[in-house]
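# Coordinates in review
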Amino acid sequence: MTGTVATYLGAKGRALSILQIALVVAPAFIIFGYNQAGIGGLLSEADWVKTFPEIDTVHSKGQDKKNKSTLQGFVVATFVLGAFVGSLSCSYTGDKFGRRNVIFFASVCSLIGEILEASSFGLPQTAVVLSS
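In this text the structure is predicted, and so the values were computed from the model without any measurement.

Reading the values: the criteria
- Residues numbered from 1 in each chain as written.
- Predicted model: local features only at pLDDT ≥ 70, side-chain atom pairs only at ≥ 80, totals over all residues.
- Heavy atoms only, no water.
- Axes fitted to C-alpha atoms, helices over the stretch in contact; angles between N-to-C directions.
- Helix = DSSP H or I, 4+ residues; strand = E, 2+ residues; numbered from the N terminus.
- Parallel < 35°, antiparallel > 145°, perpendicular 65-115°, else oblique.
- Contact = heavy atoms within 4.5 Å.
- Core = buried A, V, L, I, M, F, W, Y, C linked by side-chain atoms within 4.5 Å.
- Buried < 20%, exposed > 50% of the residue type's maximum accessible area, 1.4 Å probe, protein only.
- Salt bridge = Lys/Arg side-chain N within 4 Å of Asp/Glu carboxyl O.

## Concerning the packing of helix α3 (residues 62-97) against helix α4 (residues 99-118)
- Axis separation between α3 and α4 bottoms out at 7 Å; the angle between their running directions is 120°. Of the possible angle classes, the one that applies to α3 and α4 is oblique. Contacts between α3 and α4 involve Thr93, Gly94 and Phe97 from the former and Arg99, Asn101 and Val102 from the latter.

## Re the nonpolar core
- Membership of the largest hydrophobic core is limited to 10 residues, which are Ile39, Leu43, Trp48, Phe52, Ile55, Val75, Phe79, Leu123, Ala127 and Leu130.
- Of all elements in the fold, only α3 and α5 (123-131) reach the threshold of two or more residues within this core.
- The greatest single-element share of this core, amounting to 3 residues, is contributed by α5.
- With sequence-adjacent residues up to four places away left out, isoleucine 55 is seen in contact with Leu43, Trp48, Lys68, Leu71, Gln72 and Leu123.

## A word on the pattern of salt bridges
- A full pass over the atoms with the stated rule returns 1 salt bridge.
- For the salt bridge of lysine 68 with aspartate 64, the shortest nitrogen-to-oxygen distance reads 3.5 Å. Taken together, the residues lysine 68 and aspartate 64, both in helix α3 and 4 residues apart, mark about one turn of the helix.
- Using a relative accessible area of 17% as the deciding quantity, one classes lysine 68 as buried.
- We classify aspartate 64 as partly exposed; its relative accessible area is 39%.

Okay, structure coming up:
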C-alpha cells in the first residue's frame, strides 16, 4: 500500500476523520453517558433496593439514610473512577499493543463486565464490576 492513500467507506483525509468521529467517537460518548445515567435510575427501583439493602435510601431515615447515601455515592462513583483509569491507560496500552488490540480487549472486558453486572447478587460484586 506504499504511495497510496487508504480509503474507508469511500472517504479519505478530512472526510474520513469526520466519519470516524460520527461512527466511533460519538457513539462511545453516548453509550458512556447512557451507562452512567442508567445506574442513577436503578437506585430507587424495588428490585434494586431488595437486592442491595445496604444502599437503600428509599426506605431509610435520619443517620441511617445519611450513611447509606454516602455508600451509595461511593458505589456509583466507582463507575466513573474505573472509566478514568481506563481512559488514562489507553495511551500507554495503545502504543504498546496496538490500537486494534486494545479496542478488542476493551470490548471483551466490557462484555464480561456487563454479564457480571447483570448477574450481581451483592454490593461488593457490583462495586468491583462497576469500577472495571
